[in-house]
Amino acid sequence: MRSLAARYLIPLAPWTILGVAAVLRLWGLGYSFSNDELSALLRLQTTSFVTLIQQGVVPDFHPAGVQVFLWIWVRLGGMSEEWVRLPFVLSGLGAVGLTYVLGRRWFGTSSGLIASAAMAVLSFPVLYSQLARPYASGMLWILVLLWAWDRFLFDPGSRRAGALLGYGGILSVALAVCMYNHYFSFLLAGIIGLSGLFFVRGRKAIAYLLSGLVAVLLFLPHLKVSMLHFGEGGLGTWLGPPPLSWPWDHWVSVFNASPPLAAGMLVPLVLALVRRVPGARVQPRLLLMWWGLPLAVAYTYSLWVNPVAQHSILIFGLPLLLLALAAPFRALGEQTAAWAAVGILALGGTLTVLVTQDHKERQFADFREAADFIAARQDAIDEGKAVLALNSNSTWYLGFYHDRILGTPLLTDGVRDMEGLRTLRMRLDSCQAEEIVFVSVRPCPPETYAMLADRYPVLLGRLDQDGLAWGVHRSVSGSAGVEEPSQEILRSLVAGFEAQDTLMEGQLADTAWYTKGSGSLSMPAGHEFSPALSVAVEGNVRAWISADVLWTEGHGEPQLVAAVVSQAGETLYWRSSQVRIFVDAGSASRIHLFIAPDENIPPGAVLHAYVWNPGGASLSVDQLQIKLLKP
């Protein structure tokens, strides 16, 4: 008699994997829409298909496929989180199922079970299967493409005209959908399609080329829009170049952001690279090449041309990576593999429930909570006692959750960089309200909060989501003041410029203006550098630097500078904050600068903070300060 495991465990394992995948993707699906999702929904507010393309697709750096689908989908069932995200959840589930199908076909049931179990529970595919963006859909259609590609090239029966037409038709449609879905699913589909030229033989070659040609013809109506997109170049207006460690960072992000787990997965990676699977039509090395080429393109393009590298754009090749890593486990018996899959579901699912929920909160701003935060102060805003400063692409994002957001915010285009911070400062200078409600639902320079604290020094309350969603109240009346930064200060140094011997040759003490003590440093036009305040640093350096500056007159670009210099005199890090961001000529203010170098600083390095005054400005400087912060 067959064992219970053989009778029930092995046949039920794929369905159990799908069930766990469904629970993880459907559980908590109604959380607040993310910035990208609300951006897409805002761009659906058009009256015709033509305006949808003009206003909803052209301004975005994505092909039209998902946007057009959503335009139809929300008209069928509305814009609730659950309804809008449902097709993407189903796409994610389909990707889990097809991972099993392809794994079993190429390497056997054991590899298919292990790869699909990992797809079911890893937080990376779970999270991006819940978002109404082109990630889960791209995964699904890449796998549909691969299924048709495999059948077309390798099935003995595919030589028949009917089979060639059927598989070729699916191949054309899947390739076209990948092209319309996302430019990186387009890239991966193109790589897979070109790879087929090395396998196709005989009269199949003509049919294969015709399938690709049909897909290209299907994409032609979108070509003009794509040319506009590629003319923009990338995401450099808000996304910085990736660090040198970005490929490893991506590898870690795939495996639940766990460095130990990521390190452990290097073992099957090496096995997949060095071992050939006897009899397999698709080898693990080919899958790894398909996964790795888009990563290399994203990384090198971001370094040398324009930043596009984000972990999300590489999710389309994730099933291929997991299939390659599972290939060495084909030698396991099916019963052992089924138990291993159950273990992956139990352990991985438990960890992902915790990691994913935390990851969701940290990565995506909670627009619903931010709208509630504003609503709690709406009466004060309506009465003119408070003013709203909103760091967001659009007030519509918050109005989606709370239609009582009234008044004109100080800014709605966002504090994206230091120039945006200057705009905020100029509007704050003319603001007469007793209280400011500052809500940021996108990242902004950390100096923003210091600028607010300078003008509204009493903190009434703050919602902090790791810098991605903030709600801040600051008032001129109250009992308790705050001082930025709020992080733990390890060491603080200050130069008050009180004594003549602290000054450089030709620079004088200014006793007419100072913020503390009895004097400040006078820097007449032509005196380029203030004395530097210096401190030894190493490791993970984070520091807050500030100085009180009176810009007396003149032009130029005076700056507050932080420079980390090695023991050998090499500049390891340099960043500055322009004085004009915080103060205009003829005025005084506190200048702020936050530094956090990407790389660890070697022992023996020194952090220098000073005022650099190129050009013809006349300045007075007081209370130059360095605060070293806890890493």
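### Re the overall build of the protein chain
Alright, step 1. Across its full length, the protein chain holds 24 helices and 14 strands.
Alright, step 2. Taken across its 631 residues, the protein chain has 54% of its residues classed as buried.
Alright, step 3. Counted over contacts in the protein chain with a minimum sequence separation of 6, partners at least 24 positions apart contribute 75%.

### Notes on the pairing of strand 11 (residues 571-578)
Alright, step 1. Pairing geometry for strand 10 (residues 559-565) and strand 11, over seven bridges, is antiparallel. Paired with Ala562 across the bridge in strand 11 is Arg575.
Alright, step 2. Where strand 10 folds back onto strand 11 in an antiparallel hairpin, the turn is made up of five residues, including Gly569, whose phi is positive at roughly 90°.

### Quick notes on the nonpolar core
Alright, step 1. Leu146, Trp149, Leu287 and Trp290 are the most contacted members of the largest nonpolar core, which has 101 residues in total.
Alright, step 2. Looking at this core, the element that brings in the most residues is helix 8 (residues 136-154), giving 11 residues.

### Side note on the side chain of Ser110
Alright, step 1. Along the chain, Ser110 turns up in helix 6 (residues 109-121).
Alright, step 2. When its relative accessible area of 3% is taken as the criterion, Ser110 is described as buried.
Alright, step 3. In this structure the side chain of Ser110 is engaged in a polar contact, spanning 2.8 Å, whose partner is the backbone oxygen of Leu332.
Alright, step 4. With residues up to four places along the chain from it excluded, the contact list for Ser110 reads Phe329, Arg330, Leu332, Gly333, Glu334 and Ala337.

### Structural notes on helix 15 (residues 266-274)
Alright, step 1. Along helix 15, the positions that sit buried rather than exposed are Pro268, Leu269 and Ala272. Projected down its long axis, helix 15 carries its buried residues within an arc of 105°, all on one side. Of the residues in helix 15, the exposed ones pointing more than 90 degrees away from the buried face are Val267 and Val274.
Alright, step 2. Contact partners of the buried residues in helix 15: helix 13 (246-254), helix 14 (259-264), helix 16 (284-304) and helix 17 (318-326).

### A look at the pattern of salt bridges
Alright, step 1. In the structure shown here, the tally under the stated rule is 16 salt bridges.
Alright, step 2. With its nearest N and O atoms 3.7 Å apart, the salt bridge here joins Arg422 to Asp584. Pair noted here: Arg422 is in helix 22 (residues 418-429) and Asp584 is in the loop between helix 24 (579-582) and strand 12 (587-595), with a separation of 162 residues, a long-range link.
Alright, step 3. Using a relative accessible area of 30% as the deciding quantity, one classes Asp584 as partly exposed.
Alright, step 4. Each of Arg105, Asp150, Arg151, Asp155 and Arg281 takes part in one network of salt bridges that share partners.

### As for the packing of helix 22 against helix 23 (residues 447-455)
Alright, step 1. Look at helix 22 against helix 23: their axes get within 10 Å of each other, and the N-to-C directions meet at 15°. Judged by the inter-axis angle, helix 22 sits roughly parallel to helix 23. Helix-helix and strand crossings are classified by hand; for helix 22 and helix 23 the assignment is right-handed. Contact residues: Met418, Leu421, Leu424, Arg425, Leu428 and Asp429 in helix 22; Glu447, Thr448, Met451, Leu452 and Arg455 in helix 23.

### Here we look at unusual backbone geometry
Alright, step 1. Positive phi, close to 55°, is recorded for Asn256, a residue that is not glycine.
Alright, step 2. If you trace the backbone, Asn256 turns up in the loop between helix 13 and helix 14.
Alright, step 3. One non-glycine residue, Gln623, adopts positive backbone phi at about 55°.
Alright, step 4. Tracing the backbone through its elements, the reader meets Gln623 in strand 14 (residues 618-629).

### Looking at the sheet that holds strand 13 (residues 601-612)
Alright, step 1. Read across the open sheet, the four strands follow the order 8-13-10-11; overall the sheet is antiparallel. In this open sheet, the two strands that pair with only one neighbour each are strand 8 (533-539) and strand 11. The sheet shows a mean angle of 20° between the axes of neighbouring strands, taken without regard to direction.

### Some remarks on the pairing of strand 2 (residues 435-440)
Alright, step 1. Burial runs high along strand 2: six of the six residues are buried.
Alright, step 2. Judged from the six bridges that link them, strand 1 (residues 386-391) and strand 2 form a sheet pairing that is parallel. Its bridge partner being in strand 2, Ala386 is matched across the sheet by Glu435.

### Description of the packing of helix 4 (residues 65-77) against helix 5 (residues 81-107)
Alright, step 1. Contact geometry of helix 4 with helix 5 gives a least axis separation of 10 Å together with a crossing angle of 130°. On the basis of their axis angle, the class for helix 4 and helix 5 is oblique. Between helix 4 and helix 5 the crossing geometry is right-handed. Together, Val66, Phe69, Leu70, Trp73, Val74, Leu76 and Gly77 of helix 4 and Trp83, Val84, Pro87 and Phe88 of helix 5 make up the contact between the two elements.

### Describing helix 10 (residues 183-195)
Alright, step 1. Between its first and last C-alpha atoms helix 10 spans 18 Å; for 13 residues at 1.5 Å apiece the expected length is 18 Å, and the two agree.
Alright, step 2. Among all positions in helix 10, only Tyr183, Phe184, Ser185, Leu188, Ala189, Ile191, Ile192 and Ser195 are buried.

### Digging into a nonpolar patch on the surface
Alright, step 1. Together, Ile206, Leu210, Leu213, Val216, Leu217, Leu220, Leu223 and Met227 give the surface a local cluster of nonpolar side chains, amounting to about 760 Å² of exposed area.
Alright, step 2. Elements supplying a minimum of two residues to the nonpolar patch: helix 11 (204-219) and helix 12 (223-232).

### Some words on the packing of aromatic side chains
Alright, step 1. According to the stated counting rule, one finds 31 aromatic pairs in the structure shown.
Alright, step 2. Measuring from centroid to centroid gives 6.5 Å for Phe529 and Trp612, while their planes differ by 10°, and the two rings are stacked. Of this pair, Phe529 sits in the loop between strand 7 (520-523) and strand 8 while Trp612 sits in strand 13, placing them 83 residues apart in sequence.
Alright, step 3. You can call Phe529 partly exposed: its relative accessible area is 36%.
Alright, step 4. These aromatic residues form a ring-pair network of at least three members: Phe33, Trp396, Phe400 and Tyr401.
Alright, step 5. Its guanidinium or amino end placed over the ring of Tyr31, Arg85 lies 4.1 Å from that ring's centre, counting from NZ or CZ.

Definitions and cut-offs
Residues numbered from 1 in each chain as written. Predicted model: local features only at pLDDT ≥ 70, side-chain atom pairs only at ≥ 80, totals over all residues. Heavy atoms only, no water. Helix = DSSP H or I, 4+ residues; strand = E, 2+ residues; numbered from the N terminus. Buried < 20%, exposed > 50% of the residue type's maximum accessible area, 1.4 Å probe, protein only. Contact = heavy atoms within 4.5 Å. Pairing = 2+ DSSP bridges. Core = buried A, V, L, I, M, F, W, Y, C linked by side-chain atoms within 4.5 Å. Polar contact = N/O pair within 3.5 Å; in protein donor to acceptor, adjacent residues only side chain to side chain. Arc of directions from axis to C-beta. Salt bridge = Lys/Arg side-chain N within 4 Å of Asp/Glu carboxyl O. Axes fitted to C-alpha atoms, helices over the stretch in contact; angles between N-to-C directions. Parallel < 35°, antiparallel > 145°, perpendicular 65-115°, else oblique. Left-handed = near helix turned anticlockwise from the far one by under 90°. Expected span 1.5 Å × (residues − 1). Patch = residues over 30% accessible without salt bridge, like charges linked within 9 Å, V, L, I, M, F, W, Y side chains within 5 Å. Areas by Shrake-Rupley, 256 points an atom, 1.4 Å probe, with all protein chains shown as cover. Phe/Tyr/Trp six-rings, centres within 6.5 Å; stacked < 30°, edge-to-face > 60°. Lys NZ or Arg CZ within 6 Å of the ring centre and 35° of its normal.

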